[in-house]
Amino acid sequence: MNKFIAIVGSNSSKSTNRELLKYMQRHFKSQAEIELVEIKGLPIFKKSANKYVPQTARNIAKKIEAADGVIIATPEYDHSIPAVLSSALAWLSYGIHPFVDKPVMITGASYGSLGSSRAQAQLRQILDSPELKARIMPSSEFLLGHSLQAFDDNDNLKDIEITEQLNGLFKDFLQFVNISKQLNNANVVNKQQAEQFSWDKD
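Residues numbered from 1 in each chain as written. Predicted model: local features only at pLDDT ≥ 70, side-chain atom pairs only at ≥ 80, totals over all residues. Heavy atoms only, no water.

1. Side note on unusual backbone geometry
The general pattern is negative phi for most residues beyond glycine and trans for most peptide bonds.
Then, in step 1: The residue D78 is not glycine, and still its phi comes out positive at about 55°.
Then, in step 2: As for its position among the elements, D78 is in the loop between β3 (69-73) and α3 (83-91).
Then, in step 3: D78 sits in the exposed class, given a relative accessible area of 78%.
Then, in step 4: Positioned with a positive phi, D155 is a non-glycine residue whose angle comes to about 65°.
Then, in step 5: Assignment of secondary structure puts D155 in the loop between β6 (142-144) and α5 (160-180). (Helix = DSSP H or I, 4+ residues; strand = E, 2+ residues; numbered from the N terminus. Buried < 20%, exposed > 50% of the residue type's maximum accessible area, 1.4 Å probe, protein only.)

Take a look at the structure:
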């Protein structure tokens, strides 16, 4: 069975993105083991002369490296991902590079009707950067709009159509992960390039 790390892209104590990932953890427990990871304990990213990386970030990196894939749930603030998620990804590409060639599924929940669509587009761009080099599942937006009303009293999704869409996308992600395991011929070079890349170089 595949093991996935699910990153809660928010520091809110009542995040519907956390609720979505917990639902996925329960709903897909017969198909994959999903471990939720919080980023709210990470400090704001800051460069240092000795390239210091907090132990919390190193621990998350180890979990990502050991996992078969990563699921990220992001809210949307001002048409972008939260600062806390941006900061976490900066730590996870600063002297450590756990995302290189790692299959990633992006999801998102928001109170409005757009379901974090613009934040998800931005997140794809960030994950595709030279420092991260993640392998993002294509054509696979899961947008949970009006998320405050999306769950019933048992914390399950109410809408059957939305549930069926998530079921299909998760099944696709399982296949994407299996295919990705066969596409690692350039993995060593990709990691070297990520480690050597710097925006400070000419």
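Once the structure has been displayed, the description carries forward.
2. Topic: the packing of helix α1 (residues 16-27) against α5
Then, in step 1: One can describe the packing of α1 onto α5 by two numbers: an axis separation of 12 Å at closest approach and a directional angle of 70°. With respect to each other, α1 and α5 are oriented roughly perpendicular. For the pair α1 and α5, the crossing hand works out as right-handed. Here L20, Y23, M24 and H27 of α1 come into contact with α5, specifically with T163, L166, N167 and F170.
Then, in step 2: Residue composition of the contact of α1 with α5, by class: five nonpolar, three polar and no charged. (Axes fitted to C-alpha atoms, helices over the stretch in contact; angles between N-to-C directions. Parallel < 35°, antiparallel > 145°, perpendicular 65-115°, else oblique. Left-handed = near helix turned anticlockwise from the far one by under 90°. Contact = heavy atoms within 4.5 Å. Nonpolar A, V, L, I, M, F, W, Y, C, P; charged D, E, K, R; others polar.)

3. Focus on the layout of surface pockets
Then, in step 1: There is about 440 Å³ of room inside the largest pocket.
Then, in step 2: In terms of lining, the largest pocket is formed by 20 residues, of which the most central are K47, S93, Y94, E131 and W199.
Then, in step 3: Of all the secondary-structure elements, those providing two or more residues to the lining of the largest pocket are α3 and α6 (187-196).
Then, in step 4: Of all the elements, α3 adds the most residues to the lining of the largest pocket, at three residues.
Then, in step 5: For the lining of the largest pocket, the class distribution of residues is nine nonpolar, six polar and five charged.
Then, in step 6: Roughly 210 Å³ of internal volume is contained in the second largest pocket.
Then, in step 7: Taken together, the elements giving at least two residues each to the lining of the second largest pocket come down to α5 and α6.
Then, in step 8: Looking at the lining of the second largest pocket residue by residue, the class counts come to four nonpolar, four polar and six charged. (1 Å grid on protein atoms, 1.4 Å probe; cavity = no way out; pocket = protein on both sides within 12 Å on 5 of 7 lines; lining within 4 Å. Points joined across faces, edges and corners; volume = space filled by probe spheres on them.)

4. Notes on the environment of I7
Then, in step 1: Considering the arrangement of structural elements, one finds I7 in strand β1 (residues 2-8).
Then, in step 2: Residue I7 is classed as buried on the basis of its relative accessible area of 2%.
Then, in step 3: The spacing of I7 and V70 is 63 residues in sequence and 7.4 Å in space, taken between C-alpha atoms.
Then, in step 4: With residues up to four places along the chain from it excluded, the contact list for I7 reads L21, V37, I39, I64, V70, I71, I72, A73 and F99.

5. Digging into the packing of aromatic side chains
Then, in step 1: Following the criterion strictly, the structure yields seven aromatic pairs and no others.
Then, in step 2: Measuring from centroid to centroid gives 5.0 Å for F4 and F173, while their planes differ by 55°, and the two rings are tilted. Of this pair, F4 sits in strand β1 while F173 sits in helix α5, and the two are 169 residues apart along the sequence. Residues F4 and F173 agree in their burial class; the two are buried.
Then, in step 3: Each ring, one from F28 and one from F170, has its centre 3.9 Å from the other, and the planes form 10°; the classification is stacked. Taken together, the residues span a long stretch of sequence, with F28 in the loop between α1 and β2 (32-38) and F170 in helix α5 at a distance of 142 residues.
Then, in step 4: Given the relative accessible area of 1%, F28 is considered buried.
Then, in step 5: An aromatic cluster of three or more residues is present, and its members are F4, F28, F170, F173 and F176. (Phe/Tyr/Trp six-rings, centres within 6.5 Å; stacked < 30°, edge-to-face > 60°.)

6. Focus on the nonpolar core
Then, in step 1: I72, F99 and L127 are the most contacted members of the largest nonpolar core, which has 31 residues in total.
Then, in step 2: Looking at this core, the elements with two or more residues in it are β1, α2 (55-66), β3, α3, β4 (103-109) and α4 (117-127).
Then, in step 3: Sorting elements by how many residues they give to this core places α3 first, with five residues.
Then, in step 4: Not counting the four nearest positions on each side in its chain, F99 is found in contact with I7, I64, V70, I72, L89, L92, V104, L127, L132, K133, A134 and R135.
Then, in step 5: Membership of the second largest hydrophobic core comes to 27 residues, among which are Y23, F28, L144 and A150. (Core = buried A, V, L, I, M, F, W, Y, C linked by side-chain atoms within 4.5 Å.)

Remember, this is a structural readout, not a statement about activity or role.
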